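# A closer look at the structure
The residues making up each chain are set out below.
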Amino acid sequence: MQETLIHHGVMFSYYSAKTRACLSYKRIPFVEQYQASELQGRIKEVIHKMMIPVVEMPDGELLQDTTQIIDELERRYPQRPVLPEDPVMLLVSRLVEFTMDELWISTAMNTRWHDPLSKAFIITEFGARIGDSAGLSADQGRAMGEQLAQRMQSYLPRLGVGSAQGQAVVDRFFRAASLSLDKLVGRTRFALGPRPSLIDFCLFTGYYGHQYRDPGVAQRFLKTEAPGLCYYLDNLHAAQCAPEGGELVITEALQDYLQLIGPPSAGFARGIQQGTAQLAAAASPGQLFEQPIADFSFELMGEPFSRAGSSFSAWKLQRVQEVFNTLNPAQQAQADALLADTGWPELLRTDPGYRLERKDYQIYLESVG
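Residues numbered from 1 in each chain as written. Predicted model: local features only at pLDDT ≥ 70, side-chain atom pairs only at ≥ 80, totals over all residues. Heavy atoms only, no water.

### Here's the deal with the packing of aromatic side chains
A full pass over the atoms with the stated rule returns 20 aromatic pairs. Between Phe174 and Tyr207, the aromatic rings sit 6.4 Å apart at their centres with planes inclined by 45°, giving tilted as the arrangement. Note that Phe174 is positioned in helix α9 (residues 164-182) and Tyr207 in helix α10 (residues 198-212), a separation of 33 residues in sequence. An identical accessibility class is assigned to Phe174 and Tyr207; each is buried. With a centroid separation of 5.6 Å and an interplanar angle of 80°, the aromatic rings of Phe298 and Phe305 are classed as edge-to-face. Residue Phe298 is classed as buried on the basis of its relative accessible area, which comes to 8%. (Phe/Tyr/Trp six-rings, centres within 6.5 Å; stacked < 30°, edge-to-face > 60°. Helix = DSSP H or I, 4+ residues; strand = E, 2+ residues; numbered from the N terminus. Buried < 20%, exposed > 50% of the residue type's maximum accessible area, 1.4 Å probe, protein only.)

If you want it as structure tokens, here you go:
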């Protein structure tokens, strides 16, 4: 009998949705808890930051960052596998993972904090969960919720949604990409066919915690204009019930979706790569390298869009490039055709001039040049 894992996360968290769905699909016994004292104390001491989700293994080992959590779960619990065996499908999955983890978060923060109904809902929820976990009164919890809300909103300019222009273009991106995704997934369809895989957990994290769960304009749009996508999100919320059989395939609908999200994602990735290269040139190999990258511009929905990034985003991009580098010439040609006119084929062949390493829960500069 498997021992129970602890998923340190919460329903309103963007990234917790990804690991929760993966644990559920793989039918790994787990409980979810959100204890502020644990996150601020024991867990922060180990991983150097207060962040969720964190998966605590039965022996007490802590896994942090959704990409590495899922990789480790796949290694330790091979039943109901989620990583595609086909390397081109894995490349597409990593590309979507980079997009949803690093770029799409701008759309989620925009819909949460610039919609009065969603904002009021989440502040109340912040207060209730923090208050419950810390044993506070309702008024004290509400005050803590307000403080957390203020901190979250301080990130909006760095995410490109501090201005009306940024908010408008990000909203257009959210709506266009959601309508495209609605043609790909549905009641019995996952992104690569009849069963979930990594790409689905990445898409799920992009929508569930903010746009699908928060009440407001974004939720109403999804419920009325993208019913297939909504059914898909419901299925992933109950991922343990999803089928495990069937061959994974790349469809025309997936190609269309990649053609829509690919160009802005590649533009964002290119800015991350260039900014990181500049910082790496002035740094020394072996040093801690968790660096913010100043605002840079790229094109989103045909308009200039500016936001910031980080060296952590560069490490996530490096993971996409590592998969591409494992492809043989025929597979690279297949990937080129799939990602034609998105900017990704050229980017994936670009030597960034540095290499990053993640160890002890942190990013280090491994080499330069």
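Once the structure has been displayed, the description carries forward.
### Regarding the sheet that holds strand β1 (residues 5-8)
Read from one edge of the open sheet, four strands run β2-β1-β3-β4, paired in mixed fashion. Two strands bound the open sheet, and with one partner strand each, they are β2 (30-33) and β4 (62-64). When the angles between neighbouring strand axes are averaged without regard to direction, this sheet yields 25°. Bridge count between strand β3 (residues 54-56) and β4: three bridges; the pairing is antiparallel. (Pairing = 2+ DSSP bridges. Axes fitted to C-alpha atoms, helices over the stretch in contact; angles between N-to-C directions.)

### Describing the side chain of Arg319
Looking at the element boundaries, Arg319 is found in helix α14 (residues 311-325). Within the structure, Arg319 has its side chain in polar contact with the side chain of Asp71 (distance 2.8 Å). Apart from the residues within four sequence positions on either side, Arg319 is in contact with Thr67, Asp71 and Arg94. (Polar contact = N/O pair within 3.5 Å; in protein donor to acceptor, adjacent residues only side chain to side chain. Contact = heavy atoms within 4.5 Å.)

### Brief notes about the pattern of salt bridges
Applying the stated criterion across every chain yields a total of 23 salt bridges. For Arg94, the salt bridge is made with Glu97, and the minimal N-O distance between the two is 2.8 Å. In this pair, Arg94 and Glu97 are both assigned in helix α5 (residues 87-103), three residues apart and thus about one turn of the helix distant. The exposure class of Glu97 is buried, given its relative accessible area of 2%. The salt bridge involving Glu303 is made with Arg172; its shortest N-O contact spans 2.7 Å. Of this pair, Glu303 sits in strand β6 (residues 303-310) while Arg172 sits in helix α9; the two residues are 131 residues apart in sequence, bridging distant segments of the chain. (Salt bridge = Lys/Arg side-chain N within 4 Å of Asp/Glu carboxyl O.)

### Section: the environment of Asp86
Turning to its location among the elements, Asp86 is positioned in the loop between α4 (66-76) and α5. On the accessibility criterion, Asp86 (31% relative accessible area) is partly exposed. When the C-alpha positions of Asp86 and Leu248 are compared, they lie 8.8 Å apart, and in sequence the two are 162 residues distant. Here Val88 takes part through its backbone nitrogen, which lies 3.0 Å from a polar atom of the side chain of Asp86.

### Digging into the packing of helix α6 (residues 105-113) against α10
It is the contact of α6 with α10, at a shortest axis distance of 9 Å, that shows an interaxial angle of 10°. Put simply, α6 runs roughly parallel to α10. Counting all contacts with α6, which are made through Thr107, Ala108, Met109, Thr111 and Arg112, the residues of α10 involved are Gly206, Gly209, His210 and Gln211. (Parallel < 35°, antiparallel > 145°, perpendicular 65-115°, else oblique.)

### Considering unusual backbone geometry
Here the amide bond leading from Ile52 into Pro53 is cis, since omega sits at 5°, within 30 degrees of zero. Of note, Pro53 is situated in the loop between α3 (42-47) and β3. One non-glycine residue with positive phi stands out, namely Met301, at about 55°. As for its position among the elements, Met301 is in the loop between β5 (292-300) and β6. Of the residues examined, Met301 reaches a relative accessible area of 28% and is grouped as partly exposed. A positive phi angle, close to 70°, is found at Tyr361, a residue other than glycine. With respect to the element layout, Tyr361 can be found in the loop between β7 (354-359) and β8 (362-368).

### A closer look at the environment of Arg213
Mapped onto the elements of the fold, Arg213 is located in the loop between α10 and α11 (217-225). Judged by its relative accessible area of 23%, Arg213 is partly exposed. A sequence separation of 194 residues divides Arg213 from Thr19, and the C-alpha atoms of the two residues are 17 Å apart. Looking at Arg213, its side chain comes within polar contact range of the side chain of Glu125, at 2.7 Å.

### Observations concerning the pairing of β8
Here is the key point about a regular strand: its side chains alternate between the two faces of the sheet. Of the pairings in the sheet, the one linking β7 to β8 comprises six bridges and is antiparallel in character. Bridged to Arg355 within β8 is Ser367.

### Here we look at helix α1 (residues 16-25)
The periodicity of an α-helix, 3.6 residues per turn, causes residues three or four positions apart to be oriented the same way. For α1, a buried count of 10 out of 10 residues is recorded, marking the element as mostly surrounded by other parts of the structure. If you check which residues of α1 are buried, you get Ser16, Ala17, Lys18, Thr19, Arg20, Ala21, Cys22, Leu23, Ser24 and Tyr25. Count one or two residues on from α1 and you reach Arg27, which has phi positive near 55°.

### Points about the packing of α5 against α14
The N-to-C vectors of α5 and α14 enclose an angle of 170°; their axes lie 8 Å apart at closest approach. What the angle tells us is that α5 and α14 run roughly antiparallel. Contacts between α5 and α14 involve Pro87, Leu90, Leu91, Arg94, Leu95, Phe98, Asp101 and Glu102 on the former and, on the latter, Phe312, Ser313, Lys316, Leu317, Arg319, Val320, Val323 and Phe324. The residue inventory of the contact of α5 with α14, partitioned by class, reads 10 nonpolar, one polar and five charged. (Nonpolar A, V, L, I, M, F, W, Y, C, P; charged D, E, K, R; others polar.)

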